[in-house]
Amino acid sequence: MPAGTLYRGREGMWSWVAHRVTGVLIFFFLFVHVLDTALVRVSPEAYDEVVATYKTPIVALLEYGLVAAILFHALNGLRVIAVDFWSKGPRYQKQMLWTVVGIWVVLMAGSLYPVLGHAARELFGS
Amino acid sequence: MSTDTTSAIGPVEGGGYDVDNPAPYIEAPRKRTGRTPRATRGNFEMAAWLFMRLSGVVLVVLVLGHLLIQLFLDGGVSKIGFAFVAGRWASPFWQVWDLLMLWLAMLHGANGLRTVINDYAERANTRLWLKGLLYTATVFTILLGTLVIFTFDPNIR
Ligand code: HEM
């Protein structure tokens, strides 16, 4: 393993690892997402056909994962900014991380029905 | 005590040690001296660092707003289709929103990936190729997305 990739192993390091992993995942998604949206320049049918696959239960699960990654990266990104620019930021970095995790858990629970509801209806009827 | 100019330890101000100067004075490693070239490498890394933070704040609004509209409101993903896109891009407000989001997210993500490549690719050649690939994909994606937003035609068929 390259030198300097393991650092102290506490909250600060693991939140950095999660920030990095989510950032890279979101970037790869964005690349594909611009390509699929570009299909609106091909034909309405081509676009609607691809978007139809996004409405299947399996992709709904991936969308839930995407929401999870973006929400964590956004909330933790604000924490990183606070650590850098707020004079008391470094002192409260740990409390801010657990605040981020708390808000994330609440938002993820709130996203269950809006993002996965249609998939559940398709799988279990009604 | 002699003043040895070849050593990293400079002469102690006022000469000699006393209670206030108990140790030799060592010059700060990056101190600007008469020998520092006037034009140094510039502040690209600092600008990049600042850009990550400024774009991050704007992206919170743009990206979370985008997710809310596309995946949460009005039936979530089920409503998305060509007609929905046409409806939104009929308004310059959403065109500008999407354009800004595309540029900021791509540049933010690309700069983030540049950092990641610098961290993990140890050979200069590997770094060169990975960054070449990254920059090519980034320019391509930004141009394609921009073109699609500006040339979108609701009556394409
Ligand atoms: C939603 C709002 C966002 C915020 C508040 C945010 C914030 C940040 C901040 C502050 C950094 C710098 C971290 C550091 O220097 O240690 C960063 C890094 C990064 N971001 Fe974002 N970001 C956001 C969205 C995005 C998006 C949409 C992408 C992908 C296109 C992305 C990809 C990355 C990557 C790849 C890194 C580099 C990670 C690393 O060096 O470890 N971010 N983000």
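As recorded in an unreviewed UniProt entry, chain B goes by Succinate dehydrogenase hydrophobic membrane anchor subunit and comes from Streptomyces bikiniensis. What the UniProt record of chain B gives under Subcellular location (unreviewed entry) is the line "Membrane".

As annotated in an unreviewed UniProt entry, chain A carries the name Succinate dehydrogenase cytochrome b-556 subunit and comes from Streptomyces venezuelae. According to UniProt, the comment filed for chain A under the heading Subcellular location (unreviewed entry) is "Membrane". Heading Cofactor (unreviewed entry) of the UniProt record for chain A holds this comment: "heme".

Student: Mind showing me how you'd approach the coordination of the iron atom of the ligand here?
Tutor: Ideal values differ by geometry: the angle at a metal is 109.5 degrees with four tetrahedral donors, but 90 or 180 degrees with six octahedral donors. At this site the iron atom of the ligand is bound by H73 of chain A (NE2) and H108 of chain B (NE2), with donor distances of 2.0 to 2.1 Å. What the six donor atoms of the iron atom of the ligand show is an angle range of 87 to 179 degrees at the metal, which sorts the shape as octahedral. In this pair, H73 of chain A sits in helix α3 (residues 57–85) while H108 of chain B sits in helix α3 (residues 92–120), so the two residues belong to two different chains.

Student: Which parts of the structure should I look at to understand the interface of chain A and chain B?
Tutor: Frequently, the measure chosen for interface size is the accessible area removed from exposure when the parts meet. Contacts between chain A and chain B engage 40 residues on the former and 43 residues on the latter. Between chain A and chain B the total buried area reaches about 3500 Å² when both faces are included, carbon and sulfur atoms providing 76% of it. Looking at the side of chain A facing chain B, the largest losses of area belong to R20, F27 and R41 of chain A, adding up to 19% of the total buried there. Linking chain A with chain B are two salt bridges. Here R20 of chain A makes a salt bridge to D119 of chain B, at a shortest N to O gap of 2.8 Å. Connecting chain A to chain B are seven residue pairs in polar contact (both at pLDDT 80 or more). Counting residues per element, the ones that place at least two in the side of chain A that touches chain B are α1 (11–37), α2 (44–53), α3 and α4 (93–124) of chain A. By residue class, the composition of the side of chain A that touches chain B is 26 nonpolar, seven polar and seven charged.

Conventions used here
Residues numbered from 1 in each chain as written. Chains lettered and ligands numbered in written order. Predicted model: local features only at pLDDT ≥ 70, side-chain atom pairs only at ≥ 80, totals over all residues. Heavy atoms only, no water. UniProt positions renumbered as here; feature names shortened; annotations may be inferred. Donors = N, O, S within 2.8 Å, 3.2 Å for Na, K, Ca; no water. Tetrahedral: all angles 85-135°; square planar, octahedral: opposite > 155°, others 65-115°. Helix = DSSP H or I, 4+ residues; strand = E, 2+ residues; numbered from the N terminus. Contact = heavy atoms within 4.5 Å. Buried area = accessible area lost by both parts, 1.4 Å probe. Salt bridge = Lys/Arg side-chain N within 4 Å of Asp/Glu carboxyl O. Polar contact = N/O pair within 3.5 Å; in protein donor to acceptor, adjacent residues only side chain to side chain. Nonpolar A, V, L, I, M, F, W, Y, C, P; charged D, E, K, R; others polar.

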